[in-house]
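Architecture and fold: a report
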2 protein chains.
Amino acid sequence: MSAVVTSVAPMLSVREGARAVEFYKAAFGAVETYRVESPDGDVVSRLSIEGAEFWVADESPEHANFSPATLNGCTTRIILNIAEPAAVVARAIAAGAREVHPVRDEEYGWRQGRIVDPFGHHWEIGHEL
Amino acid sequence: MSAVVTSVAPMLSVREGARAVEFYKAAFGAVETYRVESPDGDVVSRLSIEGAEFWVADESPEHANFSPATLNGCTTRIILNIAEPAAVVARAIAAGAREVHPVRDEEYGWRQGRIVDPFGHHWEIGHEL
């Protein structure tokens, strides 16, 4: 085993995981680097946006993994730190996301917009000023 | 502004944010690198585990940020990729987490354990084999 580099990556629980992966590819230019698909079509997918990793998996309530659709809300926002947030948000909306607020310069020192994706996860997209 | 390095970081919604920050420090050796505290004591905190970043914030249902306690479940697991997962899990349990399953070698190629923290967020802790 090579040396472990400490990292923290969210694994988003969704319904329709395979379709969610396609959304994240279209919205954020994500690349899938690993995928396991079960016989019933459920997926676990590892994705990279320019090297920044996250995971997507079909929900499995029996393992305490719930989609936002099931809980009617989500418990984690995803902070996507990226150049050109307005372009990223526009692309995500074109792919099916809904804007919560547009990209703007916030008093806390970030240029940032917020969207909710078609699977119910919220993304704050931008960068520090 | 310096060049933006793309990153993805989860922001965990919790009740009792200030207490949650103390838990993550004790459990994972997290260091707080930024904190905003509102007059009523709510916090937004940026934390780093050996350079791996995540955020913690008091829930604000009016902004669609829900804690696991409010939704009775969570919609994102956190993958903490780290050396010596058994030691990390033991430390987290000593700090108040509950073990979901112990660290073990999984057929999908990771040595990994799972805990749920006192604020309801689930962590998969380990590394690829």
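Residues numbered from 1 in each chain as written. Chains lettered and ligands numbered in written order. Predicted model: local features only at pLDDT ≥ 70, side-chain atom pairs only at ≥ 80, totals over all residues. Heavy atoms only, no water.

Some thoughts on the interface of chain B and chain A
Facing 46 residues of chain B, the contacting portion of chain A comprises 46 residues. A buried area of about 3900 Å², summed over both sides, lies between chain B and chain A, and 54% of it is on carbon and sulfur atoms. In this assembly, chain B and chain A are joined by two salt bridges. Measuring nitrogen to oxygen at the nearest pair gives 3.3 Å for the salt bridge that ties R46(B) to E128(A). Summed over the shared surface of chain B and chain A, the result is 23 residue pairs in polar contact (both at pLDDT 80 or more). Of all the elements in the fold, those that place two or more residues in the side of chain B that touches chain A are strand 1 (7-14), strand 3 (43-49), strand 4 (52-58), helix 2 (68-71), strand 5 (76-81), strand 7 (110-116) and strand 8 (122-128) of chain B. When its residues are assigned to classes, the side of chain B that touches chain A shows 26 nonpolar, 14 polar and six charged. Pairing between strand 5 (residues 76-81) of chain A and strand 1 of chain B: six bridges, direction antiparallel. (Contact = heavy atoms within 4.5 Å. Buried area = accessible area lost by both parts, 1.4 Å probe. Salt bridge = Lys/Arg side-chain N within 4 Å of Asp/Glu carboxyl O. Polar contact = N/O pair within 3.5 Å; in protein donor to acceptor, adjacent residues only side chain to side chain. Helix = DSSP H or I, 4+ residues; strand = E, 2+ residues; numbered from the N terminus. Nonpolar A, V, L, I, M, F, W, Y, C, P; charged D, E, K, R; others polar. Pairing = 2+ DSSP bridges.)

Quick notes on the environment of S45(B)
All names here are of chain B. In this structure, S45 sits in strand 3. On the accessibility criterion, S45 (0% relative accessible area) is buried. Sequence separation of S45 and S67 is 22 residues, and the distance between their C-alpha atoms is 15 Å. Within polar-contact distance, the side chain of S45 engages the side chain of E32 at 2.5 Å. (Buried < 20%, exposed > 50% of the residue type's maximum accessible area, 1.4 Å probe, protein only.)

Here we look at the side chain of E59(A)
All names here are of chain A. The residue E59 is located in the loop between strand 4 (52-58) and helix 2 (68-71) in this model. For E59, a relative accessible area of 18% corresponds to the buried category. Looking at E59, its side chain comes within polar contact range of the main-chain nitrogen of S67, at 2.8 Å. Side chain to side chain, E59 and T70 meet in a polar contact 2.8 Å long.

Side note on a nonpolar patch on the surface
A surface patch of nonpolar side chains, amounting to about 250 Å² of accessible area, comprises Y34(A), V36(A) and Y108(B). Turning to its location among the elements, Y34(A) is positioned in strand 2 (residues 31-37). Using a relative accessible area of 32% as the deciding quantity, one classes Y34(A) as partly exposed. (Patch = residues over 30% accessible without salt bridge, like charges linked within 9 Å, V, L, I, M, F, W, Y side chains within 5 Å. Areas by Shrake-Rupley, 256 points an atom, 1.4 Å probe, with all protein chains shown as cover.)

Description of the environment of P85(A)
All names here are of chain A. Mapped onto the elements, P85 comes out in helix 3 (residues 85-94). A sequence separation of 23 residues divides P85 from E62, and the C-alpha atoms of the two residues are 37 Å apart. Dropping the residues within four chain positions of it, P85 is found in contact with V103, R111, I125, G126 and H127.

Looking at the relation of the copies chain B and chain A
Mapping chain B onto chain A calls for a screw motion: a turn of 180 degrees about the axis and a shift of 0.0 Å along it, with 0.0 Å RMSD after fitting. Classification of the inter-copy transformation places it as that of a two-fold axis. Comparing contact sets, 100% of the residues at the interface of chain B also lie at the interface in chain A, consistent with an isologous, same-surface contact. (Least-squares fit on C-alpha atoms with pLDDT ≥ 70 in both.)

A look at the environment of A27(A)
Residue and element names in this part refer to chain A. Within the secondary structure layout, A27 lies in helix 1 (residues 17-28). Spatially, the C-alpha atoms of A27 and A57 are 17 Å apart, while their sequence positions differ by 30 residues. Aside from chain neighbours lying at most four places away, what touches A27 is V88, R91, A92 and A95.

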